[in-house]
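Take a look at the letters that make up each chain.
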Amino acid sequence: MAFLTLEGVSKEFGTFTAVRDVSLTIDKGEFVSLLGPSGCGKTTTLQMIAGLVEPTEGRISLDGRDITREKPNRRGLGVVFQSYALFPHMTVAQNVAFGLEMRRVPHAERTDRVREALMLVQLSSFADRYPRQLSGGQRQRVAVARALVIAPPVLLLDEPLSNLDAKLREEMQFELRRIQRKVGTTTIMVTHDQAEALSISDRVVVMEGGRMTQVDAPYRLYEQPSNAFISSFVGKTNLLAGTWRRNGTTSAADIGGVLLEASAPEIAAGTPVTLSIRPEKILVRDAGAGRLKGRVASRFFLGSQWLFTVETPIGIMTVSTPNLGVEPAAEGSPVGLDWSPDNMRIIAGNAAAAA
Amino acid sequence: MIARSSTLSAPWLLAGPGALFFFGLVLLPLALTVILSFHAYDHSTGIQNAFTVSHYITVVTDGYYLEIFWRTLRIAALTTLICAAIGVPEAYILSRMRDPWRSVFLLVIIGPLLVSVVVRTFGWSMLLGSQGLVNQALQLVGFAPVRILYTETAIVIALVHVMLPFMVIPVWTALQKLDPMVEAAAWTLGASHFTALRRVVMPQVTLGMLSGSLIVFGLSASAFAVPALLGGRRLKMVATLVYDEYLHELNWPLGAAIAIIVLVANLCIMLAYNRMVEARARRTLG
């Protein structure tokens, strides 16, 4: 059931097109992330949904109601800003109560709902503090409580975790998901951090230069990126440019003279292709075994895994292997690389140019 | 290697010129003025070498002086109020402007400060005079000419003109520190533009407004050229009164007494006000 719909939404700032023809349907209760590098138009898209930026073209509707030209204060959406935008002259409780006050919620009910909201974000004991007396993570949770207390149909999060340090970011990421699951609010989050988008979203929308390039569940997005940009932006990958060869029933990619077997029936022979293979899909074997021979150029120990860069006839490959408790191949030693052809993603055409 | 004695004296040497300057140009004349205000004065023989508080008593009991004090307070307060009423919205609009225009309008606002006070005030007297541009315009649309020059209105108009930058700049600075998204946050929570301004933006610029008021009030209360030129000979403010006592009546002790009273009154008002401002600042901004 479509709850929030964007139809052909575009935004131009003068001659610059920030968002180009974005169409998206979001179901009730879904957690969707808009993922992309800075300047890809994801924040503008969010602001158009919030009503802070008016679309040049297109239509936005919420629960069947056209809200394209509606003022932000009439939309009733909850927004968490990147800077949190808390009211510095009000206490935490006053900040949270503001939206209820604007809705003329009776005083007794207001107090109850503020208390509930603060309990939800685990800040009950901080109600009388001012935002300046809180840590970054606490401020962020106040912003979430303030946006959720008005029971918005949609919660919009603009890079909610980017101002937090790495450890806290990870904690808050799961905290956000817990809160979202509990209240069941349809949520759209803007982020440039692919790990964040993958870990907590139901679906991820990848944006590139103002366009939407792929909308998929995190797992599928990772395993089946639709172009070379996405495969390198979402997770790490090895990109290999080559030409498609076909010989009867077997097909292979010709990477600088080395033939790598792969199957993609729809590609015609002679087409330039880009192969993408994730570092964790490659296995390190003894020298002579596997599909490709190479030499370990460097080796990094990351605790849970080992990260190798391997020199091969087709270029440097990045490989990661789980730490199995035995020391793997040393730097400089010859190895063989192997993988299952199913794990090799073939991107046809000039996608290589985009990489 | 620096000798120990020279390191010890270094702070004194560094602070010395400034301290000497302050002592010679502020404290010493002030002390002399205080001493002078307690000297007796005789119209035929001049300043007497005798102690008296009669000047102070004259000032606080004579309706003529009290009226001038009262007028000064009224004009300064009114100027401050009008400056706040015009300056705060002006600063808000200025902060929302894009760059080429913002610089242009900032220059327009600071403009009055770049023109000599006498030239600027004569300009106003030409505009506001009985045959000035304002009256000509009024007559053109069929109104009777009004008397503006040599009234309190003229003084307030000219004071507001020159004091406005002192209000706009602190408020503008306060607005610069404001996260623009805070206002947007208020909108998304259901506040109208007006409510967002009143509940979210205003409380955060009050501090700028209060410090601007302090400057405007202090400068207006001690303004000299504007009341002297636009108030005429009869409509005096304290600064012009002190001038007249010194240079026309030649009653220096009385002039000194008035000057000291103005200083103390101004100091009291501003300190009380500042206490209020600081209490507020501590509460809201930490």
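What counts, and at which threshold
Residues numbered from 1 in each chain as written. Chains lettered and ligands numbered in written order. Predicted model: local features only at pLDDT ≥ 70, side-chain atom pairs only at ≥ 80, totals over all residues. Helix = DSSP H or I, 4+ residues; strand = E, 2+ residues; numbered from the N terminus. Buried ≥ 20, exposed ≤ 12 C-beta atoms within 10 Å, placed from the backbone. Domains from an automatic or database assignment. Contact = placed C-beta atoms within 7 Å. Expected span 1.5 Å × (residues − 1). Arc of directions from axis to C-beta. Nonpolar A, V, L, I, M, F, W, Y, C, P; charged D, E, K, R; others polar.

**Q** How would you summarise the environment of B:Thr206 if you had to cite specific residues and measurements?
**A** All names here are of chain B. Inspection of the secondary structure assignment puts Thr206 in helix H9 (residues 193-221). Here Thr206 falls in the partly exposed class, since 18 other C-beta atoms lie within 10 Å of it. Distance from Thr206 to Ile57, taken between C-alpha atoms, is 39 Å for residues 149 residues apart in sequence.

**Q** A description of the domain arrangement of chain A should follow, citing residues and the corresponding values.
**A** All names here are of chain A. What the domain assignment lists for chain A is domain 1 (2-231) and domain 2 (235-354). Here the C-alpha centroids of domain 1 and domain 2 sit 38 Å apart. The interface of domain 1 with domain 2 comprises 8 residues on the first partner and 10 residues on the second.

**Q** If you had to explain helix H1 (residues 42-50) of chain A to someone new, which residues and values would you point to?
**A** All names here are of chain A. Among the 9 residues of H1, 9 are classified as buried, and the element is accordingly described as predominantly covered. Listing the buried residues of H1 in full gives Lys42, Thr43, Thr44, Thr45, Leu46, Gln47, Met48, Ile49 and Ala50. Immediately beyond the C-terminal end of H1, within one or two residues, lies Gly51, with a positive phi of roughly 95°.

**Q** Could you give me a rundown of helix H4 (residues 107-120) of chain A, with the residues and numbers involved?
**A** Every α-helix carries 3.6 residues per turn, so stepping three or four residues along brings you back to the same face. Residue and element names in this part refer to chain A. The end-to-end C-alpha distance of H4, which contains 14 residues, comes to 20 Å, matching closely the 20 Å that a straight helix rising 1.5 Å per residue would cover. Within the sequence span of H4, burial applies to Val114, Ala117 and Leu118. For H4, the buried positions fall inside an angular range of 95° around the axis, keeping them on one side. Facing away from the buried surface of H4 by more than 90 degrees, the exposed residues are Ala108, Glu109 and Met119. Lining the buried residues of H4 we find helix H3 (92-102) and helix H5 (136-148). In the segment just after H4, Gln122 is the residue with positive phi, at about 60°.

**Q** Give me the lowdown on the interface of chain B and chain A, citing residues and values where you can.
**A** Tallying the contact residues gives 17 residues for chain B and 20 residues for chain A. A per-class count over the side of chain B that touches chain A returns 10 nonpolar, 6 polar and 1 charged.

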